[in-house]
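Structural description and commentary
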Amino acid sequence: MNTAVEEVIERVRRVYGSWKRDTTVTQMRQDWDELFGGVPVHAQIEDVDAGGVKAQWVSAPGADTQRAVLYFHGGGFQVGSLVSHRALMADLSAAAHCRVLGVDYRLAPEHRYPAALDDAWAAYQWLIGQGFAPNRIATAGDSAGGGLALSLLLRLRDAGQALPAAALLMSAWTDLTAAGASYGTRADSDPIHQRPMIVAMARNYLGKEGNAADPLVSPLFANLQGLPPLLAQVGDRETVLDDSRDFVARAKEAGVDATLQVWDHMIHVFQQFPTELPEARAAIDDMGNFLRQHLAA
């Protein structure tokens, strides 16, 4: 047993376990910010308006201001924020030696699909307007944010626009139909994310008329040709394990330079716990190496 992982799981369970049927989404968002946002951040934070979308520059000391990671936080499109993911973005900035632009995209159920994708699009266009060449931009995200980063790439490609240089994914949610075999094979090992919860989040994001198999909703079902190099990290204990495994397999079949890292004993977005988990620190180092390799100097 990995004691450090079990202690992290218990912290997360205390928050999730406090939620009842009548818990408001406002309370859930506050709880998430308190769970992940209380970590000291060694980075400069600057609020910006990114094409009408709230965003923040997160810049670790020494970060190259000419290269950028466009980051989308996780949270099932309903919770999560720039507060909950600020420490992770700061760690990524330090590891990659560049700035991270965190996007405060609109959340469901107040704003259903395609609001989040529209905000991602606007933030990318704003970056281009600020003078960043596409080969100096990478997209990145965790969980729902990882799927959103991929959806943005697909929309850009289909619009004939130049794509960012790379994509970085952590426990990416690529299949909102929740059809992956790992929902069964990892059901006992995943402490939080079970299929009924995932299906409910997808329904809240899409609404009653939404199509979870739409390729811009679930990138797993898209034509993946022409995507930039990508690195996908996922924990072996996750029910969404196959969201990464199957996506990377399909990307490779389409000719994409895609790398999958499956981390033994790790849970959903374990990279958010670098103080407790040496695996998280190692994973962040790997992400930094990947970004430095693919972002133009």
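Preceding this paragraph is the structure being described.
Residues numbered from 1 in each chain as written. Predicted model: local features only at pLDDT ≥ 70, side-chain atom pairs only at ≥ 80, totals over all residues. Heavy atoms only, no water.

Between the first and last C-alpha of helix α1 (residues 3–17) there are 20 Å, a value that for 15 residues agrees with the 21 Å anticipated at 1.5 Å per step. For α1, the full list of buried residues reads V5, V8, I9, V12, V15 and Y16. The buried residues of α1 occupy an angular sector of 120° when projected down its axis, which confines them to one face. Structural note: α1 exposes T3, E7 and R14 on the side pointing more than 90 degrees away from its buried face. The N-terminus of α1 is capped by N2, whose side-chain oxygen sits 3.2 Å from the backbone nitrogen of A4. (Helix = DSSP H or I, 4+ residues; strand = E, 2+ residues; numbered from the N terminus. Expected span 1.5 Å × (residues − 1). Buried < 20%, exposed > 50% of the residue type's maximum accessible area, 1.4 Å probe, protein only. Arc of directions from axis to C-beta. Polar contact = N/O pair within 3.5 Å; in protein donor to acceptor, adjacent residues only side chain to side chain.)

Remark: α1 packs on helix α2 (residues 25–36), axes separated minimally by 10 Å, with the N-to-C direction vectors making an angle of 165°. Our classification of the angle between α1 and α2 gives roughly antiparallel. Crossing geometry of α1 relative to α2 is assigned as right-handed. Facing R11, V12, V15 and Y16 of α1, the residues of α2 in contact are D31, W32 and L35. Tallied by class, residues from the contact of α1 with α2 come to five nonpolar, no polar and two charged. (Axes fitted to C-alpha atoms, helices over the stretch in contact; angles between N-to-C directions. Parallel < 35°, antiparallel > 145°, perpendicular 65-115°, else oblique. Left-handed = near helix turned anticlockwise from the far one by under 90°. Contact = heavy atoms within 4.5 Å. Nonpolar A, V, L, I, M, F, W, Y, C, P; charged D, E, K, R; others polar.)

In terms of nonpolar packing, the biggest core is built from 43 residues, with L70, F72, L127, L152 and W173 touching the most fellow members. Contributions of two or more residues to this core are made by β2 (54–59), β3 (64–72), β4 (98–103), α4 (115–129), α5 (144–158) and α7 (195–206). The dominant element in this core, judged by the number of residues it contributes, is α4, at nine residues. Aside from chain neighbours lying at most four places away, what touches L152 is L70, F72, L117, A120, W121, Y124 and T139. (Core = buried A, V, L, I, M, F, W, Y, C linked by side-chain atoms within 4.5 Å.)

Let's shift gears to the pairing of strand β5 (residues 137–142). Burial within β5 is extensive, with six of its six residues counted as buried. The alternating pattern of β5 places I137, T139 and G141 and A138, A140 and D142 on opposite faces, both of which are buried. As paired strands, β3 and β5 are joined by five bridges and run parallel to one another. In the strand pairing of β5, Y71 is matched with A140. Considered for its hand, the β-α-β crossover made up of β5, α5 and strand β6 (residues 166–170) is right-handed. (Pairing = 2+ DSSP bridges. Right-handed = clockwise from strand over helix to strand, strands pointing away.)

This part is about the sheet that holds strand β1 (residues 44–49). Strand order in the open sheet formed by eight strands is β1-β2-β4-β3-β5-β6-β7-β8, and the pairing between neighbours is mixed. The open sheet terminates on both sides in strands that have one partner only, identified here as β1 and β8 (258–263). Averaged over all adjacent pairs, the angle separating strand axes in this sheet is 20°, with direction ignored. With six bridges joining them, β3 and β4 adopt parallel strand pairing. Directly across from V69, in β4, lies its bridge partner V100. Contacts between helix α3 (residues 86–96) and the sheet are confined to β1, β2, β3, β4, β5 and β6, with β4 contributing the most and set at about 155° to the helix.

A few words on the pattern of salt bridges. By the definition in use, this model includes nine salt bridges. Note that R186 is salt-bridged to D236, the shortest N-O span being 3.1 Å. Of this pair, R186 sits in the loop between α6 (182–185) and α7 while D236 is found in the loop between β7 (230–235) and α8 (241–253), placing the two residues 50 residues apart along the sequence. Take D236: its relative accessible area is 25%, and that puts it in the partly exposed class. (Salt bridge = Lys/Arg side-chain N within 4 Å of Asp/Glu carboxyl O.)

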